[in-house]
Amino acid sequence: MIVKVIQHNNMTNSVNYLYSKMDNKPSITGSHDKYLSNLTAKSFLTQSNALKDTYGLEIGKELERNNNIKHLVVSFHNKDKERFDVVKDKIIEDLHKELGIDPEQHLANIFVHNDKEHPHIHVLFSRVGEGNSVFNDQKIGKRMGEFAKKMNKKYNLYHPEKNNSKITIDKKHLYKPTYKGDLMKLIDYATKEANGLQNFQDILRRHGVRTKINKDSEFIYMIPNVNIPSTEEVAYLIALAKRNTKTQSEFKFYLQKKGVFVKFQPGGKEKFSVKKVISWKEDQLPKACRLNMIYRNIRTKDHDPQYLEVRKILSEGIESCETLGQIKALLPGSDLKFQQSGSELYNITIEYQDMVISLHEVFTKEVTMDLSQHINDTWEIPVIYVPRRYNKDALEWERMQQYKSKKPKMIRFRI
């Protein structure tokens, strides 16, 4: 047996989920005969909110609804399926004693699920109870782990030993950033700590930030939206918007400011949604957060001999290559990407292990394709190397042309 603690930023969904399962299939996902303080999800949410608000007024502090709703899952092993009905009531009583709550005063609602191979119990209750009694949820995860061990021993339940890997958080104060400033602090930390691009992404992931690279080779940073409105709040906002706006554009803009998005479908139907994730493209952040700058900061000549070795292989071997396929073969297992305009190739990058190498950093000539050969396989088309033109600072060059004097003047630059 194990006990899981379910806690997230939209606990209303957990409540609605449990009651909907009870209503749809009461024989296999129904409620416990003894513990059902509230017949509906609406009743539980209303009553738990009232208890929370009453206690909040007494202590002079507004409490979070998500933290007031507590949801535990007591999950049994497949091998204990036959013993489940015999011991479940005893374990529920032991659980209430361990939690230190009166099930009636704290709106305890218990749902017994037999819809999977392993039977399990969902325990739903309010942190604040009648008479302003408050459940202490400090170190609840550790406490429930110890409780499960005691129950396994007491009732001789099966519990396989597992070496659960723990998530390491390098800097707790950087964990799960909720706004742009904190995100940039985490990016700065990860850039300094990482020994490669993959390691950089791993550090962000450990701290609650997901990343991806889009088709334009741009970084996108994603964090969970901690301000997702509940279903009831969305319905309330929609009603307000319809009352206070006159046009579709006003209606759409009003809701968007509140975090609700609407699409108008054929026939006048409306489709509403909320953002579960907040994302930023790299061009919405300072330059230090962009992929090319991050890679440049991570990959320095001072501390990355492997990168230098790979650059050396490319720079020494590329001119002997007659096709793109041969360039790619210089680093077995690498991925070569490029953009093409006519016969010209540009933005050529080679991805090898956790490195992303721009070809122009290791090679001093431009690469073009000999399209006269009419070969279908791109990797087999011959390539031609030509001296690099002055295009690295094209904008600067144009600016110089605009402001140069009428008198001819030689401008010197290095190719």
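Refer to the preceding data block for the structure.
Quantities reported herein were computed from a predicted structural model and do not represent experimental measurements.

A. Representation of the pairing of strand β11 (residues 335–341) within the structure. The sheet contact formed by β11 and strand β12 (residues 344–352) spans six bridges and is antiparallel. Its bridge partner lying in β12, Lys337 is registered against Thr349. Connecting β11 to the next strand, β12, in antiparallel fashion are two residues, including Gly342 with a positive phi near 65°.

B. Structural context of the packing of aromatic side chains. Applying the stated criterion across every chain, the model contains eight aromatic pairs. On the basis of an interplanar angle of 15° and a centroid distance of 6.0 Å, the ring pair of Phe200 and Phe219 is categorised as stacked. Taken together, the residues Phe200 in helix α8 (residues 197–206) and Phe219 in strand β7 (residues 219–224) connect sequence positions 19 residues apart. Each member of the pair, Phe200 as well as Phe219, is classed as buried. Ring geometry for Phe251 against Phe264: centres 6.3 Å apart, planes inclined by 50°, an arrangement best described as tilted. Remark: Phe264 occurs in strand β8 (residues 260–264) and Phe251 occurs in helix α10 (residues 248–257); sequence separation between them is 13 residues. Given the relative accessible area of 5%, Phe251 is considered buried.

C. Just the sheet that holds strand β4 (residues 109–113), in detail. Read from one edge to the other, the open sheet built from five strands follows the order β1-β3-β5-β4-β2, with strand pairing classed as antiparallel. Every interior strand has two partners, whereas the edge strands, β1 (2–6) and β2 (31–36), have only one. Neighbour-to-neighbour, the strand axes of the sheet open up by a mean angle of 20°, direction not taken into account. Summarising the sheet, β1 and strand β3 (residues 69–75) pair through five bridges and their orientation is antiparallel. Residue Ile2 lies in a different strand from β3, and its bridge partner there is Ser75. Strands in contact with helix α3 (residues 41–59) are β3, β4 and β5 (120–126); relative to β5, the strand with the most contacts, it is inclined by about 45°. Set on the sheet, helix α5 (residues 84–99) makes contact with β2, β3, β4 and β5; between it and β2 the angle comes to about 35°.

The rules behind these values
- Residues numbered from 1 in each chain as written.
- Predicted model: local features only at pLDDT ≥ 70, side-chain atom pairs only at ≥ 80, totals over all residues.
- Heavy atoms only, no water.
- Pairing = 2+ DSSP bridges.
- Helix = DSSP H or I, 4+ residues; strand = E, 2+ residues; numbered from the N terminus.
- Phe/Tyr/Trp six-rings, centres within 6.5 Å; stacked < 30°, edge-to-face > 60°.
- Buried < 20%, exposed > 50% of the residue type's maximum accessible area, 1.4 Å probe, protein only.
- Axes fitted to C-alpha atoms, helices over the stretch in contact; angles between N-to-C directions.
- Contact = heavy atoms within 4.5 Å.

Function cannot be inferred from these measures alone, as they are strictly geometric.
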